[in-house]
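# Observations on the three-dimensional arrangement
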Amino acid sequence: MTAAAEHTDHAAGADSRAAELLTGLNPRQRKAVIHTGSPLLIVAGAGSGKTTVLTRRIAYALATGRAHPGEVLAITFTNKAAKEMAERVSSIVGPASRSMWVSTFHSSCVRILRREAKVLGMKSNFTIYDAQDAQRLVAQILKELGLDTKKYAPRAILHRISNLKNELQTPDDFVPRPNNPTDEVLADVFKRYTSRLRLANAFDFDDLIAETVHLFGAFPEVA
């Protein structure tokens, strides 16, 4: 068989595979699977086939040569959903799925941060503080400042720090409201808390996404 014939057979096989992936889909699902170019937002209720569309979309991109397995990133919110997605993708594309990133937001961010930790002045073996670790650290800082932990509850302070991080604010970004003692305490604790995490070579759970966003924005070559 000539090289040209082999190429033709391969192309025909790819076309057949791509067509097969569209079997059984309704018109809107099919449209979502084959969509290219601009970002695509799919809004659908429970049981409407979102996971089917997403997994077929990944397989279709591979079958049509639009993407290689190592270029696929599929992210979801929960570990359970990520596990289901990984299993569904694997059942459709086979061993090629091992080269893909199919995980939760936080798992993907941890993977990126461990690889690029040095850029942020951290070590790759950083610790991830859970809610109890973080609350304990805030309580310790409040005590060191001589503040009443009943008046300034560590849990409440940590909740506000968490909200600020989820809004991608750093201690330098946060400006206390005038004549607001609670805000002033928050600003001081936020700075000390961030510094102490750094000293401990640690991130808290909120940092995982916030620091990854910062990493991509501050270091274009990493992005």
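Here, every reference points to the structure presented above.
Notes on the structure in this doc start here. (Residues numbered from 1 in each chain as written. Predicted model: local features only at pLDDT ≥ 70, side-chain atom pairs only at ≥ 80, totals over all residues. Heavy atoms only, no water.)

## Regarding the nonpolar core
Note that soluble globular proteins tend to have their nonpolar side chains buried in a common cluster. One finds Val138, Ile157, Ile161, Val189 and Tyr193 to be the most contacted residues of the largest nonpolar core, which totals 20 residues. Contributions of two or more residues to this core are made by α6 (131-144), α7 (154-166) and α8 (181-199). For this core, the element with the highest residue contribution is α8, accounting for seven residues. Every residue in contact with Ile157, bar those within four places of it in the chain, is listed here: Val138, Tyr152, Val185, Leu186 and Val189. (Core = buried A, V, L, I, M, F, W, Y, C linked by side-chain atoms within 4.5 Å. Buried < 20%, exposed > 50% of the residue type's maximum accessible area, 1.4 Å probe, protein only. Helix = DSSP H or I, 4+ residues; strand = E, 2+ residues; numbered from the N terminus. Contact = heavy atoms within 4.5 Å.)

## Thoughts on a nonpolar patch on the surface
Residues Leu73, Ile75, Phe77, Phe105, Leu168, Ile209 and Val213 make up a contiguous nonpolar surface patch of about 640 Å² in total accessible area. Listed by contribution, the elements that provide at least two residues to the nonpolar patch are β1 (73-76) and α9 (205-218). Considering the arrangement of structural elements, one finds Ile209 in helix α9. (Patch = residues over 30% accessible without salt bridge, like charges linked within 9 Å, V, L, I, M, F, W, Y side chains within 5 Å. Areas by Shrake-Rupley, 256 points an atom, 1.4 Å probe, with all protein chains shown as cover. Salt bridge = Lys/Arg side-chain N within 4 Å of Asp/Glu carboxyl O.)

## Remarks on α7
With 13 residues, α7 ought to run about 18 Å at 1.5 Å a step, and its terminal C-alpha atoms sit 18 Å apart, in line with that. Every buried residue of α7 is listed here: Pro154, Ile157, Leu158, Ile161, Ser162, Leu164 and Lys165. Mapping the buried residues of α7 onto a view down its axis gives an arc of 160 degrees, with all of them on the same face. What points out from α7, more than 90 degrees from its buried face, is the exposed set Arg155, His159 and Asn166. Those residues of α7 that are buried are in contact with α6, α8, β4 (202-204) and α9. With its phi angle positive at about 65 degrees, Leu168 sits one or two positions after the end of α7. (Expected span 1.5 Å × (residues − 1). Arc of directions from axis to C-beta.)

None of this, on its own, says anything about what the molecule does.
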